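# Results of the structural survey
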Amino acid sequence: MNRILFRKMGRELRCARQRIAWALLGVLAFGLIYFGLGDQLAGRLFFHVGYFATLGALLGLAVSLFVIIRRSSGAFKISDFKTLIRVGLAVAVAGGWLLLVHSEWGYKDPSIDPPVVSSSKNLHLDRQLFILDSGMPHLSGLLNISGHADKRPWLTAFATSLVHDLTGYRVANAFFLNAAFGVLLLLLGYLQGHLFFGHRGGAMVVLLWCSLPLLTHNATGAGIDLLNVLMIQAVMLLSVLYLRKPDGMREAALCFAAVLLAHARYESALFILPVIAVILAGWVRAGRIILSPGAICAAPLLIPLGALHRYLADRPDLWELPLEYGSRFGLEFLTENLPHALYFFFNLSDHLPNSLVLPILGLPCLLFMILIMRREGRAFWKKSEHFVFTVFAGFLLVHFLLILAYYDGHLDQMVSARFALPFCLLLVLVVPFVLGQVRRNQWVLRFIWVLIFVHLLYVTMPVRAKAFYREHHSGACEQEWLEAYAQDHLEWNALMIDRYPLLWLLEDYASFSPEWSHANAENILRSIQAGEFANAYYIERFFWNGREATGGLATEAVNPYRMTVLTERSFRPFEKTRISKVEGLRLPASVELPAEPSQSGPISDSKSETPPGHDAM
Amino acid sequence: MSSKQRLIFGSVLLSACASVAFGFFILDLNAAIWVVKNAGYWLIGATFSLFLWHLFRLLKETGRITSWSNFWKLSRRESIVIALVSICFLTMSENGFNIVMDQPVLAATAFQMHQEKKTNIPTFGYEMGGAFHLSENNKIDKRPLFFPFLVSLLHDFTGYRPLQGVWLNALLTPVFVGLLFTAGRAFGGTSGGMLAMALFLTLPLLSRNACGGGFELLNLIMILVVFRVACGYLQAPTPLRLNLLVLSGLLLAQTRYESSLYVLSIGLVVLAAGWRMKRVELSWITVLAPLLMLCVPLQNKIIRAKPAFWELREGDELAFSLDYIGSNLGSAANFFFGLTEGELLPISVLLSVLFCLALLASLFKIKELACWLKSPGGLAAASVSFVLLINGLLLMAFHYGQMDNFAVTRLILPVSLFQVLYSVRIYTFFRWNRSVTWSVFMALAIYWFGVTRPLAARVDNQFQGYDGIIEVKWLREKVSSHRHESPLFLTQSNLIPLIERVPAIQFTSAFKRKSVLELYLRLGVFGEIFLMYKAEKDPDDPAGRIVDEGLNQHFEYELLDEYPLSTGHLQFSRLTRVKLDEGEAIDVDFITPEFLAENPRRRWEIMKELLLR
């Protein structure tokens, strides 16, 4: 049997020689670029080409899916499929309601979310992966004064830029898009659960996801983690679709989806390996090498991503690695992070966005899954959904171990908790998978349903309502206050001097970092006199224990400005944030501002006329 | 009796004894507070979940879950009328808190239930890094838990709203009207249902409660639910229906203080069913029932331990006494017939007159009435009405039972329900032809347009001018307009800002925590600290100088705004300085940038300690 198969494969190999050559060429190009480029060139490559590679993959996926749907309309009962989608959609929307009902939209972490929005804005404007550091509104968009290339894989930024393209730029697009991804994840989860355990399995997946406040947290922010999980789920479903009836178009769809998934997060390139395993299994099942044009294109489309990883590998300064650590990954971190992970998953307090029901049900089910695999032997692998889920489950476990071996993989800290989402996907899916395989005891099943419902109602809901896990995210609260104050009290064309200029730039305010503004203080004041900016406002953050103020960048020794305090507020204990209006320079040869901005001609270059930033967008 | 039934019967006795022993004797006050606070939510949650589960099973069993019309057994025309009547109820009064002593407390309890799944009333809340925390305390409210539980569920599923109780009542109004219609229809067909709705519509009092955030409407609904379920049980006494009856009785008992009396009517219904069928089949839910009701005696113990809960007025020694009956009966007569000229009360003289006529008419229909009373519907109605009448009598013996007092009128609603349903029952014995029926409805419509609606508007206008209502409204307005400043409110009505998720403490607490307040000011923990207080006119000062409540002994503040009341002024000020004695200030000089760098997590812990001092 095997001999016939291999002979057939050999024949196919000869027939597919040309396609294989193209595919190898693509892989070779990828390898050459990854290993051959220096960090400067690699940086330029992903900076300029990244958008188009992702766009290519997305268009490829869209076309493949369109063809698959058209071709398969006669292959399965459309009415059944429509019912499934209708029920799934109803359950997903209801789940989405539960997921989002207590949510507050906004940046969940000012150090993570805004750069994604900034990248999306630049992709929208220039199709370049760029994060602003300083800038000012200009007729043709934002006048970039300084910035840097985004180090993050850009799928979320790309998707957000598409929404900007369709509806116009606004920061909120990023939040709403993630919410939509959340509902889509529930729908795809429903379909996956339905494969395992019928409608009950689908509903169980949705409820288990809803029991996780971490998902809510990500579905209302602008982070990149939710799309990553969504893409893993989508790739799993496409893998099942492909493996059930392997053909060129399905393979292409799977390859394009895998390319997109690799662009979702740094470590998501890992999931290309299970996709390769699925494709090979499909070839074996089909008895031929399919190697569709989509699969051939996959490797070249990954070139900009490879360039990004090359760039990152050569720039340790971008790893944010504390001095005491020599490497980002290490086995020593595994032992250190494991207790943190256990604390996160089995946490009983309301200060972490975990779901206790996930490990309680999911971990035993993982063990049962191994037992089922042993019990069923070869027959187990024949079902496409079994094969796909088992292969992906293995890689989700590897991914989890990778996270635990990461120096910053403390899952019980809010900044890192989001890394747990892919493992949560595994825990969510394994429950209906196992229930679909074992002889079902009605009482056990009822117990599981009651457990999920009770947990959802009496544990998740209050945790989500309180959102105590957000409490140390004072930066987001501070930014909300600053923006509200600026909107109510400051001029639309004001200049904001802030340690975090990006947050202002995203709202179309001109903004410079304090260091830059100190170095160019006199020019800034002249620009104000010329009417380029209505006024300049300085945001300071300093230590405050009721008697002495220290620690701000605008201390007497550094700050060249003479300022009037407008308002101040405390967002972190023993720290104050102050908004002051720049009145002039403290130095002897200072430039004094008139009471009203002068209407005389501009002093700085003519590019800097002052149109409303809002119109420029 | 089978051995299983004997076992269940024994278990019921045992659990009843256990419930009585724990509820009344074994648990002391502290233990009672602990149980109500920590287990109250879960007990009422379990009761409600079981009720819903049994209701679902019954509807499934009777095939009434297939469609909306099948569920209610309503035609489209009837549904439209019910919707219109509900709209009328909901538009006759202004929405908002209308009993300011009760409804903010219910809202605060619901907030606590929503956020912490505990039943104590919050006394202080604070915001830290964007999350609103409620402080821990052992203050248990006297009010039963079912209404705040439902409000908390609504918070859970639709997001938090300070006026969620008002929303809940708006949602419950069509449920009440539907149940009222079906109860009336059970007596006299569709016209009976319509008559019940029309008669209740003449009473503006219901509208006041439907537009408020109190539990009176829910109480009426649960009475009607018990009546419906009792009818079903008497028709076919199955264990499932018994479970539903017991569970609905448990929920009713936890809706209003005196509604625990309806346990008696459940007992009467079960006895009546046993008498009719010559057997009673008990279920395991009946074993659980006494334990699920444990909070009722425990809350009663808490109320008895704190005389302030009875709100006894000067001169009153007992909450209930036969001495009150005389004066209360006069007030009740005033309420029912509007005897005092010029006094605005949300009453319906027409309903009272029709009820009296129905009482007279029943003399002519004694035979039919006696025959009907033997039917399942009649027996159920008699059992519920018996407790309704006891309830009315109890009210007459209550020190706060003056029905013509605006704040007390709502207590009469169950009696009004009895009036309406009794009138419907008697009038539908007379088989009037179509033209008479239409004439009656026309007359009721004219009464509604001519009397009820203008009366409701006048009552509402008068009501909105009450000091208590103005105070709450003004405070809510100040809270919402200053909430972006991250303020702390010092006010006697601290629950109003708290349910808006704005930090607030009472003055009594503020006076004790002066040094902490001074530290808040010094550190800028809160964007602003505002004072909201009622200042009375100084009788010694003819110029009308305002004296505050001794606040200036403790604080210096700057007046920002004031609002006139009939008895003084509401003042809104900003705290500028806390007057402290030498050495009273809290020293935090040990906290330096270096200290925080060494202990990065300590900053939050220290702040939490300071906030909870």
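Rules used throughout
- One numbering rule holds for all chains: residues counted from 1, following each sequence as written.
- Chain letters start at A and ligand numbers start at 1, both assigned in the order the entries are written.
- This being a predicted model, a pLDDT of at least 70 is required before a residue's local features are given, and a value of 80 or more before pairs of side-chain atoms are given or counted; all residues contribute to the totals for chains, interfaces and linings.
- Only DSSP runs of H or I covering at least 4 residues are called helices, and only runs of E covering at least 2 are called strands; the numbering of each starts at the N terminus.
- Expected helix span is taken as 1.5 Å per residue step, with the number of steps being one fewer than the number of residues.
- Throughout, bend refers to the angle between the axes fitted to the seven residues that end at a position and the seven residues that start at it.
- A pair of strands is considered paired only if DSSP assigns at least 2 bridges between the two.
- The burial criterion counts other C-beta atoms lying within 10 Å of a residue's C-beta, which is placed from the backbone; the residue is buried at 20 or more, exposed at 12 or fewer, and partly exposed between these limits.
- Our contact criterion uses C-beta atoms placed from the backbone: two residues qualify when those atoms are within 7 Å.
- Each residue gets one label: Ala, Val, Leu, Ile, Met, Phe, Trp, Tyr, Cys and Pro are nonpolar, Asp, Glu, Lys and Arg are charged, and the others, such as Gly, are polar.

Another aspect to go through is helix α7 (residues 172-210) of chain A. Given a rise of 1.5 Å per residue, 39 residues ought to cover 57 Å, yet the end C-alpha atoms of α7 of chain A are separated by just 23 Å, more than 12% below that figure. Largest kink in α7 of chain A: about 140°, centred on F197 of chain A.

Right, let's talk about the pairing of strand β8 (residues 575-585) of chain A for a bit. Residues and elements named next belong to chain A. Pairing of strand β5 (residues 536-544) with β8 involves seven bridges; the strand directions are antiparallel. When the bridges of β8 are listed, I539 appears paired with I579. In terms of strand pairing, strand β7 (residues 561-572) meets β8 through nine bridges, oriented antiparallel. The residue bridging E568 from the neighbouring strand is R578, located in β8. What sits between the antiparallel neighbours β7 and β8 is a turn of two residues, in which F574 has the positive phi angle 65°.

Residues and elements named next belong to chain A. Here F512 is to be found in strand β4 (residues 510-512). Overall, F512 belongs to the buried group, with 25 C-beta atoms counted inside 10 Å. For F512 and G135, which are 377 residues apart along the polypeptide, the C-alpha to C-alpha distance reads 6.5 Å.

Looking now at the pairing of strand β2 (residues 131-134) of chain B. Sheet faces and side chains relate simply in a regular strand, where the side chains alternate between the two faces. Direction of pairing for strand β1 (residues 125-128) of chain B relative to β2 of chain B: antiparallel, over a ladder of four bridges. Residue pairing for β2 of chain B: M128 of chain B is matched across the bridge by A131 of chain B.

By the secondary structure assignment, F542 of chain A is in strand β5. Separated by 375 residues in the primary sequence, F542 of chain A and T167 of chain A have C-alpha atoms spaced 39 Å apart.

Another point: unusual backbone geometry. One non-glycine residue, F574 of chain A, lies in positive phi territory at about 65°. Summarising the element assignment, F574 of chain A is placed in the loop between β7 and β8. The residue S486 of chain B is not glycine, and still its phi comes out positive at about 55°. With respect to the helices, strands and loops of the structure, S486 of chain B is situated in the loop between α20 (467-482) and β3 (487-491). Judged by C-beta crowding, with 19 C-beta atoms within 10 Å, S486 of chain B ranks as partly exposed.

Here we come to the interface of chain B and chain A. The interface is formed by 30 residues belonging to chain B together with 32 residues belonging to chain A. Contributions of two or more residues to the side of chain B that touches chain A are made by α5 (103-116), α6 (146-158), α23 (514-523), α24 (593-598) and α25 (602-611) of chain B. For the side of chain B that touches chain A, a count of residues per class yields 13 nonpolar, 11 polar and six charged.

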